[in-house]
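In case you want the letters, here they are:
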Amino acid sequence: MLIREILKNIFSITDYGATHHKITLCGIRFKFPRVEYSKKRKTNLYYFYKKNNVDITTIPPAQGQVRDIQLANLALLQELDYVCQESNLKYWIDFGTLLGAIRHKGFIPWDDDIDVGMLRQDYEKIIAAFEKYSRNTNIYADFVRSAKNTCQYYIKIQHRKCQNLFVDIFPYDFYGDCLSKEEQLKITLKIKGIRKSLQRHCKLGMPDKEIKDAIDASLKKVILKERKTEKSDLVWGLDFNHGWKNWLYNYDTIFPLNKIEFEGKMFKCINKPEEFLKEVYGDYMAYPNKIGVGHSMYAYLGSEEKQAIEELIQVLR
């Protein structure tokens, strides 16, 4: 068994989601697209738009399965909005969802997931809030372990009859002080080091509680023991990794929360979305270097999953 694990770290090829393979070579990991996915990506219509300099704000919404999943996920977001109102919890649309709202007034056409941010004090209450207030017994909130990363343990809004539907919720913590941009970047390097140590510690097969305890212990190394100001900077939670240059955000970038249109409906958003998006994505009104595809663009959907999606779309009408 031990020899097998050693050999696996020297060289192995495994599946990485529905669209890629992962190669491990001497402990270094690479991912590359499956042949059939690579062929489909080359015929992606959005690359045609990009090549011909079509205004990115004018390209049409997704169609087919991606659009159906987008709209079903929108119904999950709508339920989250309702539960948060009923339980007096704060949330805001985040990252790619916020970018879609600003640039497309809805989903980024080639993306189908939804990102949401919450303060940890509210984040830790959202599972119980769904159990109490959700109007649909098939929609619930719970922690999940990432199949691709041994140390990503965070909350998703999910649907009991369709595993391809979800809303990711990312926790934010108060750092405890207000920092200059230079100081934020310096602290971010420290945080990334803590995150890497956490990643090395969390092994495949570790119980959920041990993962959660390890994240909580590492978090204590990040945030200050005493909060020096009510309007402290916010820091991205260690529960989930990301590659952004800066993991800290000024208080007034996030608060007070506003509302923004997304797919014809109004949802909570941060105070300064354009400032946030510019820092995260750079020129967020331009086409990205690589145009991805929705998480479930090529997923196989069974009859029960299709029915669940259709029922959620009907709720929106």
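Here we summarise the structure given alongside this text. This is a predicted model, so every value here is computed, not measured. (Residues numbered from 1 in each chain as written. Predicted model: local features only at pLDDT ≥ 70, side-chain atom pairs only at ≥ 80, totals over all residues. Heavy atoms only, no water.)

### Let's talk about the overall build of the chain
Phase 1 of the analysis: If you tally the helices and strands in the chain, you get 12 helices and 12 strands.
Phase 2 of the analysis: Sequence separation of at least 24 residues holds for 66% of the intrachain contacts in the chain that already meet a minimum separation of 6.
Phase 3 of the analysis: Accessible surface, the chain as shown: approximately 17200 Å² in total, 52% of it carbon and sulfur. (Helix = DSSP H or I, 4+ residues; strand = E, 2+ residues; numbered from the N terminus. Contact = heavy atoms within 4.5 Å. Areas by Shrake-Rupley, 256 points an atom, 1.4 Å probe, with all protein chains shown as cover.)

### Side note on the packing of aromatic side chains
Phase 1 of the analysis: Enumeration over the complete set of coordinates arrives at 23 aromatic pairs.
Phase 2 of the analysis: Here the aromatic rings of Phe-95 and Trp-236 are separated by 5.0 Å at their centres, their planes lie at 85 degrees, and the arrangement is edge-to-face. Residue Phe-95 is located in helix α5 (residues 95–104), and its partner Trp-236 is located in strand β9 (residues 234–236); the two are separated by 141 residues in the primary sequence.
Phase 3 of the analysis: Since its relative accessible area comes to 4%, Phe-95 is described here as buried.
Phase 4 of the analysis: The buried category is assigned to Trp-236, whose relative accessible area is 3%.
Phase 5 of the analysis: Sitting over the ring of Phe-166, Lys-156 keeps its end group 3.6 Å from the ring centre. (Phe/Tyr/Trp six-rings, centres within 6.5 Å; stacked < 30°, edge-to-face > 60°. Buried < 20%, exposed > 50% of the residue type's maximum accessible area, 1.4 Å probe, protein only. Lys NZ or Arg CZ within 6 Å of the ring centre and 35° of its normal.)

### Description of the pairing of strand β12 (residues 265–269)
Phase 1 of the analysis: Bridge analysis of strand β11 (residues 258–262) against β12 gives five bridges, and the strand direction is antiparallel. Directly across from Asn-258, in β12, lies its bridge partner Cys-269.
Phase 2 of the analysis: Counted between consecutive antiparallel strands, the loop separating β11 from β12 contains two residues, among which Glu-263 sits at a positive phi close to 55 degrees. (Pairing = 2+ DSSP bridges.)

### Thoughts on empty space enclosed by the protein
Phase 1 of the analysis: What the rule picks out here adds up to one cavity of 30 Å³ or more.
Phase 2 of the analysis: Space inside the largest cavity adds up to approximately 40 Å³. (1 Å grid on protein atoms, 1.4 Å probe; cavity = no way out; pocket = protein on both sides within 12 Å on 5 of 7 lines; lining within 4 Å. Points joined across faces, edges and corners; volume = space filled by probe spheres on them.)

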